[in-house]
Amino acid sequence: MDLTYTPEEDEFRVRLREWLGKVLPTLPPKPSPDDWPARRAYDLGWQRMLYDAGYAHVHWDASPTVRLIFLEETEKAGAPYVGAGFVGLLHAGPTIAAEGSEEQRARWLPPILRGEEVWCQGFSEPDAGSDLAALRTRARRDGDDYVVSGSKIWTSHAEVADWCELLVRTNPAAPKHRGITWLAMPMDAPGITVRPLRTLAGSAEFAEVFLDEVRIPVANRVGDEDDGWRVTMVTLSFERGTAFVGEVVACRRVLRELAGEARKNGRWDDPVLRRRLGRLNAQFRALWRLTQWNVSEAESGVPGVGSSVFKLRYSQARQELYDTAADVLGPDCLDLDRPWMLDRLSSLSYTIAAGTSQIQQNIVAERILGLPKGR
């Protein structure tokens, strides 16, 4: 296998690096973490800059190598993350591209790429988190509409979203995995109530969403009625397999910064800490290789079950990374204004978000190792 870059790929890296060097100093200051309307405008403004410069396409239709070069260079340069656009760019958009009709792709994909619309994810419910297929939000057919009632929780960026990728139960009599449908719900439809949720870190990027007789056109259904579980597996494959790519690059940068801080404050003299940093370096190098595999696999369609291997190990490695950051800082780790400490709090959610580690272990055991299902 030839692992060297082609001249075209090297040229892309140079051109992107030069462009980032010119535009990043012109960006306005980042808004307050609690001001989500301002953060939406900031994130969509950055996405529009990428679009105008010809870089927005890399999330979907560029080669895996070009996509990885883009993520490496933007992270190294300190460019903004996708932010409020992450569900549309990394989850809903790829799902619609893979499963949507030609009309749906034409309607929803260009506004995502141009930084015009934000999506949120309406999957989890108070009684259907790890067991997502146990969801109870109901949708009954009424002519050309579905009428939806129920509630969702941990809905990212719901308060500033234009659309929601929504899972509903359309056939209560069917086995629980077979009566689910994937809908695109406009967030300005009557009957929707959004209640923000504050996290341990003090931010409010999640929300509860209550649905009271919300009418959603049947034309907004992606895939067939009652086939939503299969479509959902497509979404989750992208979420677990390729959506975290930029974060792996960021974690490798943090690891280098931690080593530098340890050398400055004397913690580098602790051999146990040095071994932890070395082990983390090996883990993130391996995760980067797995990332390359998953992105390459996604080029031909949808990431496979290897995405669960990545999600499982990445969640644990991220928590270990920020626990090590606390050890490097010592007593200063109690100060949430110190670097890495808010990330340490947010890292606690990674073994739960996008499928708990227990669920990922089941998927690996059953679909990769061929072990029998638990009784």
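A brief report on the enclosed structure follows. (Residues numbered from 1 in each chain as written. Predicted model: local features only at pLDDT ≥ 70, side-chain atom pairs only at ≥ 80, totals over all residues. Heavy atoms only, no water.)

## A short note on the packing of aromatic side chains
Scanning the model with the defined rule gives seven aromatic pairs in all. Centroid distance Trp 19 to Trp 46: 5.7 Å. Interplanar angle 35°. Geometry classified as tilted. Placement of Trp 19 in helix H1 (residues 7–23) and of Trp 46 in helix H2 (residues 36–53) is noted, with a sequence separation of 27 residues between them. Comparing Trp 19 with Trp 46, the two get one shared label, buried. Measuring from ring centre to ring centre gives 5.9 Å for Trp 154 and Phe 206, while their planes differ by 85°; the resulting arrangement is edge-to-face. (Phe/Tyr/Trp six-rings, centres within 6.5 Å; stacked < 30°, edge-to-face > 60°. Helix = DSSP H or I, 4+ residues; strand = E, 2+ residues; numbered from the N terminus. Buried < 20%, exposed > 50% of the residue type's maximum accessible area, 1.4 Å probe, protein only.)

## Some details on unusual backbone geometry
Most of the time, phi is negative for any residue but glycine, and the peptide bond is trans. With a phi angle near 60°, His 157 is a residue other than glycine that sits in the positive phi range. Within the fold, His 157 resides in the loop between strand E3 (145–152) and strand E4 (163–169). A relative accessible area of 5% means that His 157 is categorised as buried. In this structure, Asp 226 takes a positive phi of about 70° despite not being glycine. Locating Asp 226 in the fold gives a position in the loop between strand E8 (221–222) and helix H6 (228–241).

## So, the packing of H1 against helix H3 (residues 64–76)
Helices that pack against each other are described as a pair by the angle of their axes relative to one another and the distance between those axes. Running from N to C, H1 and H3 point in directions that differ by 30°, and their axes come no closer than 10 Å. Taken together, the axis directions place H1 and H3 in an arrangement best described as roughly parallel. In the packing of H1 onto H3, the handedness of the crossing is right-handed. On H3, the residues touching Glu 9, Phe 12, Arg 13, Leu 16, Arg 17 and Leu 20 of H1 are Thr 65, Val 66, Ile 69, Phe 70, Glu 72, Glu 73 and Thr 74. Taken together, the residues of the contact of H1 with H3 sort by class into six nonpolar, two polar and five charged. (Axes fitted to C-alpha atoms, helices over the stretch in contact; angles between N-to-C directions. Parallel < 35°, antiparallel > 145°, perpendicular 65-115°, else oblique. Left-handed = near helix turned anticlockwise from the far one by under 90°. Contact = heavy atoms within 4.5 Å. Nonpolar A, V, L, I, M, F, W, Y, C, P; charged D, E, K, R; others polar.)

## Let's talk about the state of the cysteines
All told, the structure shown has zero disulfides when counted by the stated rule. Residue Cys 164 stays outside any disulfide, its sulfur separated by 3.8 Å from that of Cys 120, the closest cysteine. In this structure Cys 164 comes out as buried when scored by relative accessible area, which is 2%. (Disulfide = S-S within 2.5 Å.)

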